[in-house]
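# An overview of the molecular structure
Here are the chains, one letter per residue:
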Amino acid sequence: MTAIEETCCFTGHRPQRLPWGGAEEADACAAFLLSLRTELVRLISVGYRHFVCGMAIGTDILFAETVLALKQSFTGITLEAAVPCPEQPDKWTVAQRVRYGAVLDKCDEVTVVSPRYDGDCMMKRNRYMVDKSAVVLAYCRARSGGTAATVRYARQQNKAVINLSDRRSEKCYNKS
């Protein structure tokens, strides 16, 4: 088990809330991926070794794929999938499920937080990730929703939060 002091989790939006939507070839997505990679390399350089991802479509999968790519250059880093429930990908497109499965297969650890879907399993997953991490890396541009709630929870738990979104969304840093 990796120490909390060496662990970073990620929270971010689904495609419909992203400036680039699902268009990963867009300049805005490329800028996000560059800032994500830069921040992950910085975290690795100061001792973070374990990264936890909630495995949702959108920024979560991009985060996981970036960590997996960095494993080629940095030894000793691990990726954990925090799956809210076994049914997580059931309603996704075939392409999304294939991508999810490819990432899941490469994770060093898979934690299924709830044995089946219920109304709280996503929040339980988010709290699990925050509780086992010292740093929360976020892409938060909204006041409401799971990402904003996770950032607020992290602040309430006195976790460091690094928000990769543009700084117009400072509300994601607020505790309230």
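Residues numbered from 1 in each chain as written. Predicted model: local features only at pLDDT ≥ 70, side-chain atom pairs only at ≥ 80, totals over all residues. Heavy atoms only, no water.

## Regarding empty space enclosed by the protein
Put simply, the rule is: Throughout, the protein atoms alone are placed on a 1 Å grid, and a set of points is a cavity if a 1.4 Å probe fits but cannot get out or a pocket if it is open with protein on both sides within 12 Å along at least five of seven lines; lining residues have an atom within 4 Å of a point. Grid points are joined across faces, edges and corners, and a volume is the space filled by probe spheres set on the points. Numbering of helices and strands starts at the N terminus; helices are DSSP runs of H or I of at least 4 residues and strands are runs of E of at least 2. Three categories are distinguished: nonpolar for Ala, Val, Leu, Ile, Met, Phe, Trp, Tyr, Cys and Pro, charged for Asp, Glu, Lys and Arg, and polar for the others, with Gly belonging to the last.
Applying the stated criterion across every chain, the model contains 1 cavity of 30 Å³ or more. The computed volume of the largest cavity comes to approximately 30 Å³. Around the largest cavity, the lining residues are Phe-10, Thr-11, Gly-12, Arg-14, Asp-60, Arg-125, Asn-126 and Met-129. If you list the elements that add at least two residues to the lining of the largest cavity, you get β1 (7-12) and α4 (121-131). The class makeup of the residues in the lining of the largest cavity is 2 nonpolar, 3 polar and 3 charged.

## Considering the confidence of the model for the protein chain
To keep things clear, this is the line we draw: Residue-level confidence of the predictor is what pLDDT reports, using numbers from 0 through 100. Whether two residues are in contact is decided by their heavy atoms: any pair within 4.5 Å suffices.
For the protein chain, per-residue confidence averages 89 on the pLDDT scale, and residues scoring 70 or more make up 93% of the total. Segment residues 167-176 is flagged for pLDDT under 50; beyond a separation of four residues in sequence, or across chains, it makes 25 contacts in the model.

## Description of the side chain of Ser-133
Applied cut-off: What qualifies as a polar contact is a pair of N or O atoms within 3.5 Å, subject to a donor-acceptor requirement within protein and to the restriction that residues adjacent in sequence count only when both atoms come from side chains.
Structurally, the position occupied by Ser-133 is in the loop between α4 and β5 (135-139). Separated by 3.4 Å, the side chain of Ser-133 and the backbone nitrogen of Cys-9 make a polar contact. Among all residues touching Ser-133, those that are not within four sequence positions of it are Ile-4, Thr-7, Cys-8, Cys-9 and Lys-159.

## Overview of unusual backbone geometry
Note the following rule: When accessible area is computed with a 1.4 Å probe and restricted to protein chains, residues below 20% of their type maximum are described as buried, those above 50% as exposed, and intermediate ones as partly exposed.
Here Met-55, not a glycine, exhibits a phi torsion of approximately 65 degrees, which is positive. Considering the arrangement of structural elements, one finds Met-55 in the loop between β2 (50-53) and α2 (59-70). Of note, Asn-158 is a non-glycine position whose phi angle comes to about 60 degrees, a positive value. On the basis of relative accessibility, which here comes to 66%, the residue Asn-158 falls in the exposed class.

## Brief notes about the environment of Arg-127
Relative to the helices and strands, Arg-127 resides in helix α4. The exposure class of Arg-127 is partly exposed, given its relative accessible area of 39%. Linking Arg-127 and Ala-154, residues 27 residues apart in sequence, is a C-alpha distance of 8.2 Å.

## A closer look at the state of the cysteines
Basically, it comes down to this: Disulfides are defined as cysteine sulfur pairs within 2.5 Å.
In this structure the tally under the stated criterion is 0 disulfides. Cysteine Cys-53 is unpaired, with the sulfur of Cys-107 as its nearest cysteine sulfur at 7.2 Å. Overall, the relative accessible area of 0% leaves Cys-53 in the buried class. In this structure Cys-85 is a free cysteine whose sulfur lies 3.9 Å from that of Cys-121, the closest cysteine sulfur available.

## Some remarks on the sheet that holds strand β3 (residues 78-83)
So the rule is basically this: The pairing criterion for strands is at least two bridges between them, as found by DSSP. All axes are obtained by fitting lines to C-alpha atoms, using only the stretch in contact for helices, and the reported angles, taken between N-to-C directions, cover 0 to 180 degrees.
Sheet architecture is open: 6 strands sit in the order β4-β3-β2-β1-β5-β6, paired in parallel fashion. Two strands bound the open sheet, and with one partner strand each, they are β4 (109-112) and β6 (160-163). Each strand of the sheet is rotated relative to its neighbour by a mean of 25 degrees, with strand direction disregarded. The pairing of β1 with β2 spans 4 bridges and is classified as parallel. In the strand pairing of β2, Cys-9 is matched with Val-52. Strand contacts of α4: β1, β2, β3, β4 and β5, with the helix running at about 150 degrees to β3, the strand carrying the most contacts.

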